[in-house]
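For reference, the chains in residue letters:
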Amino acid sequence: MSSLRNTISTVAIAAFAAVAHADVGGDAERGENLFRQCSGCHQVGAGAEDRVGPHLNGIFDSPAGDSEGYRYSNGMERAAAGGLIWTYETLDAYIKDPRSLVSQTRMSFGGFDDQQDRDDVLAFLRRFSDNPQDIPESAPTAVAVDHEIAPEILAIVGDPAYGEYLSGECTACHQTSGAANGIPSITHWPSEDFVIAMHAYKDGVRQHPVMQMMAGRLSNEEIAALAAYFKDIE
Amino acid sequence: MKLNRRAFIGTAAAAAGTFAAPLLVRADGHAKPRVVIVGGGAGGATAARYIAKDSNGEIDVTLIEPTRTYYTCFFSNLYLGGFRTMDSLGHSYGTLAAEYGINVVHDWATGVDRDAKTVTTAGGYTIPYDRLILSPGIDFVDGAVAGWDVSSQNAMPHAYKAGSQTELLRAQIEAMPQGGTYAMVAPPNPFRCPPGPYERISMVAHMLKENNPTAKILIADPKEKFSKQGLFEDGWSTHYAGMIERVGPDFGGDNVEVDPNAMTLSIDGEVTNVDVCNVIPAMKAGKIAEIAGITEGNWAPVNAADLSSKMDENIHILGDACAQGDMPKSGFSANSQAKVCANAVRGALTGSTVFPARFANTCWSLIDTNDGVKVGASYEATDEKIAKVDGFISEVGESADVRQATFEESVGWYDGITADMFG
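Residues numbered from 1 in each chain as written. Chains lettered and ligands numbered in written order. Predicted model: local features only at pLDDT ≥ 70, side-chain atom pairs only at ≥ 80, totals over all residues. Heavy atoms only, no water.

Novice: How do you make sense of the overall build of chain A when you look at a structure like this?
Specialist: For chain A, the helix and strand inventory stands at 11 helices and 0 strands. When its helices and strands are written in sequence order, chain A yields α-α-α-α-α-α-α-α-α-α-α. Among the 234 residues that make up chain A, the fraction classed as buried is 47%. Of the roughly 11600 Å² of accessible surface on chain A, 54% is carried by carbon and sulfur atoms. (Helix = DSSP H or I, 4+ residues; strand = E, 2+ residues; numbered from the N terminus. Buried < 20%, exposed > 50% of the residue type's maximum accessible area, 1.4 Å probe, protein only. Areas by Shrake-Rupley, 256 points an atom, 1.4 Å probe, with all protein chains shown as cover.)

Novice: Looking at this model, I keep getting lost on the sheet that holds strand β8 (residues 126-128) of chain B. Mind explaining?
Specialist: Pairing between the strands of a sheet is mediated by backbone hydrogen bonds and can be parallel or antiparallel. All names here are of chain B. Strand order in the open sheet formed by 3 strands is β6-β7-β8, with antiparallel pairing between adjacent strands. Lying at the two open borders of the sheet, with one neighbouring strand each, are β6 (109-113) and β8. The average angle at which neighbouring strand axes cross in this sheet is 25°, direction not considered. (Pairing = 2+ DSSP bridges. Axes fitted to C-alpha atoms, helices over the stretch in contact; angles between N-to-C directions.)

Novice: Before we go on, may I ask you to explain the interface of chain A and chain B in this structure?
Specialist: How big an interface is tends to be stated in terms of accessible area lost as the parts join. Counting residues at the interface gives 22 residues for chain A and 35 residues for chain B. The largest contributions to the chain A side of the interface with chain B come from Tyr165, Met213 and Arg217 of chain A, which together make up 31% of the buried area. For Glu169 of chain A, the salt bridge goes to Arg358 of chain B, with nearest N and O atoms at 3.4 Å. Scanning the region where chain A abuts chain B turns up 15 residue pairs in polar contact (both at pLDDT 80 or more). At the level of secondary structure, the elements contributing two or more residues to the side of chain A that touches chain B comprise α8 (160-166) and α10 (209-216) of chain A. For the side of chain A that touches chain B, the element with the highest residue contribution is α8 of chain A, accounting for 5 residues. Residues belonging to the side of chain A that touches chain B are distributed by class as follows: 12 nonpolar, 6 polar and 4 charged. (Contact = heavy atoms within 4.5 Å. Buried area = accessible area lost by both parts, 1.4 Å probe. Salt bridge = Lys/Arg side-chain N within 4 Å of Asp/Glu carboxyl O. Polar contact = N/O pair within 3.5 Å; in protein donor to acceptor, adjacent residues only side chain to side chain. Nonpolar A, V, L, I, M, F, W, Y, C, P; charged D, E, K, R; others polar.)

Novice: What should I look at first to understand the pattern of salt bridges in this one?
Specialist: Here the idea is simple: oppositely charged side chains can pair when their charged atoms come close. Residue and element names in this part refer to chain A. One pass over the full model with this rule turns up 26 salt bridges over all chains. Close ionic contact of Glu192 with Arg51 constitutes a salt bridge, the shortest N to O distance being 3.7 Å. Separated by 141 residues along the polypeptide, Glu192 in helix α9 (residues 191-202) and Arg51 in the loop between α2 (28-34) and α3 (74-81) bring together distant segments of the chain. You can call Glu192 partly exposed: its relative accessible area is 36%.

Novice: Got a minute to help me understand the pairing of strand β24 (residues 386-393) of chain B in this structure?
Specialist: Side-chain direction in a regular strand flips from residue to residue, so the side chains alternate between the two faces of the sheet. Inspection of the sheet shows strand β23 (residues 371-381) of chain B paired to β24 of chain B by 7 bridges, in the antiparallel sense. Within β24 of chain B, the residue paired with Ala381 of chain B across the bridge is Ile386 of chain B.

Novice: When you look at the packing of aromatic side chains in this model, what are you seeing that I'm missing?
Specialist: For any pair of aromatic rings, geometry is given as the distance between the ring centres together with the angle between the planes. Taken as a whole and assessed by the stated rule, the structure comprises 26 aromatic pairs over all chains. Ring-pair connections join several aromatic residues into one group, and the members of that group are Phe74, Phe75, Phe332, Trp364, Trp413 and Tyr414 of chain B. Over the aromatic face of Tyr201 of chain A sits the side chain of Arg206 of chain A, whose NZ or CZ is 5.6 Å from the ring centroid. (Phe/Tyr/Trp six-rings, centres within 6.5 Å; stacked < 30°, edge-to-face > 60°. Lys NZ or Arg CZ within 6 Å of the ring centre and 35° of its normal.)

Novice: Just checking my understanding: could you explain the state of the cysteines for this structure?
Specialist: Here a disulfide denotes one covalent bond, and it connects the sulfur atoms of two cysteines. All names here are of chain A. Here the structure, examined in full by the defined rule, presents 0 disulfides over all chains. Between Cys41, a free cysteine, and Cys38, which holds the nearest cysteine sulfur, the sulfur-to-sulfur gap is 8.9 Å. The thiol of Cys173 is unpaired, and the distance to the nearest cysteine sulfur, on Cys170, comes to 9.1 Å. (Disulfide = S-S within 2.5 Å.)

Novice: Looking at this structure, I do not really get the side chain of His199 of chain A. What am I missing?
Specialist: On the secondary structure map, His199 of chain A appears in helix α9. By relative accessible area, His199 of chain A is classed as buried at 2%.

Novice: Help me understand unusual backbone geometry in this model?
Specialist: Most peptide bonds take the trans configuration, and most residues that are not glycine carry a negative phi. Going from Asn189 of chain B to Pro190 of chain B, the amide bond is cis rather than trans, its omega being -10°. Along the chain, Pro190 of chain B turns up in the loop between β11 (181-185) and α6 (196-211). The backbone of Asp61 of chain A shows a phi angle near 70°, a positive value even though the residue is not glycine. The residue Asp61 of chain A is located in the loop between α2 and α3 in this model. On the accessibility criterion, Asp61 of chain A (54% relative accessible area) is exposed.

Novice: What is the right way to read the nonpolar core from this model?
Specialist: Across soluble globular proteins, nonpolar side chains have a tendency to be buried as a group. Core analysis: the largest hydrophobic core is formed by 154 residues, its most contacted members being Tyr182, Val258 and Trp413 of chain B. Per-element accounting of this core gives the leading share, 8 residues, to helix α9 (residues 331-350) of chain B. Those residues in contact with Val258 of chain B that sit more than four places away from it in its chain are Val145, Ala146, Gly147, Trp148, Met156, Val185, Thr264, Leu265, Cys277 and Val279 of chain B. Grouped together as the second largest cluster of nonpolar side chains are 29 residues, Leu84, Phe109, Val121 and Ala123 of chain A included. (Core = buried A, V, L, I, M, F, W, Y, C linked by side-chain atoms within 4.5 Å.)

If you want it as structure tokens, here you go:
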């Protein structure tokens, strides 16, 4: 009897802990601010679309790899096939250390080490799940651009064949498989995001010496060519 | 003209095939142009993979490499420091053979007949080529360090070609008596991996600090300056204060003699007993370049646009072995040059588009746990040489986060470049 009672009390505590995390622990306002670290790739809110990463509306309790039309990494496809569901606990584990939960994910994010940070971000994200009508009637929260570039640059149609040749400079570090381990994945990005990111390095807005050097000598056409190649790389 | 030449080559190749080996015979009778690549490192493996991948079977690619498992020289210092296993540095050629259709021949190339356009191997094969790419890495200059030759490399390892030498050096460091002395004879310019000896010093110091904290490190260096000097010296004083002494040429670091039997190092006549002596002699192009008769001095001069030999338009030289201009001799450089060369060779043999050459290099070094630094530059082809365009280097006093990110980036780069080489 006593062992059964112990079991019951453990379950009760676990359930309480989960509830505490989900409904009480997080500060959604603070989470919105922290979400800026995610918004380069992920949109959430009204009209959110898949970008570098999938949109996050309705992420809670949805199966992994479930955003129709988004091209997931092989790692995420495997996790999805294995039955991964995005619960509070699995999302918490994923944003703590993405690659430890889903090896070979293309999500190039080091992780939120701090439990409070994770609680806050998840509290924010939770606003956009459960009931679709809870989604505020505002513009998408995510702003994918950290850099403004001229529309005519964005309009350039890149030559993927030239991009393939140029990509040799990228693949000394970035893997064509999309694997990301210390060096981010650059495969299957929407062309616009790729072009904006490269111009942000080229114009010195994004701070990374290797990328500034590499992007610095690429012409607008060459950046468009690389974007076209990496977008549809097999 | 082109068709006739190819038809002729096809006949010659078929004749050679009869006493070469079954592995050289193809059902289509050698109608395809043939590229032979000597050396399966960052230059040769990359060139083989890109030519095979991008020609979609239009070019026969043969890669001659003696080792069945290739251990990268880059990151082998991290093995000395205990940050990597030797296994994690080993790569097989199986994917290049199975998925890219490259004919991988595990043999030593011992001769090049530039008139007949054939390579001979120690195993007795004669392999014809339309284009030959040599990427043989480095060998050592005879007599570069008084008292040392290859027969003494067991007593005094160079560990500058990764593998058994690296394992030997680590075992010797681990066996040092408490308070003992590790000595390095550093090489003169130019040499493979300019920051390499100094990253090695950092890694040896890291290991000694943990296991043998009273040990000393002594460097005899013929160079006044070295790569990332400010970063390394700052890191050494931070992490390994009082452990490392470097004797430059102003105090006789260029006047060195070793005695492998007595285990002594003499610097400008002053003899020191040492427990480990890591002799890294002056370097030259891998011997096959000299045998092919395309070297001038210690290296093989090349044209910047396609890495072709200045002495033979049908031979290209990649990586450490070539004299190309401003690029450092590094795995990253060899990989970069290989892709330019592959594009040019494919264009010459199949008429595919040849894009303008562009080159880049980045060298990461680890000073201590999570303390990574880097230096890099971009390059372009001019009429005279591969010329530096732009560059960057880590700064002294960067935050611990930046240094850790730099180290993590280097680990990512290792995975990236080895995937780019071996598929």
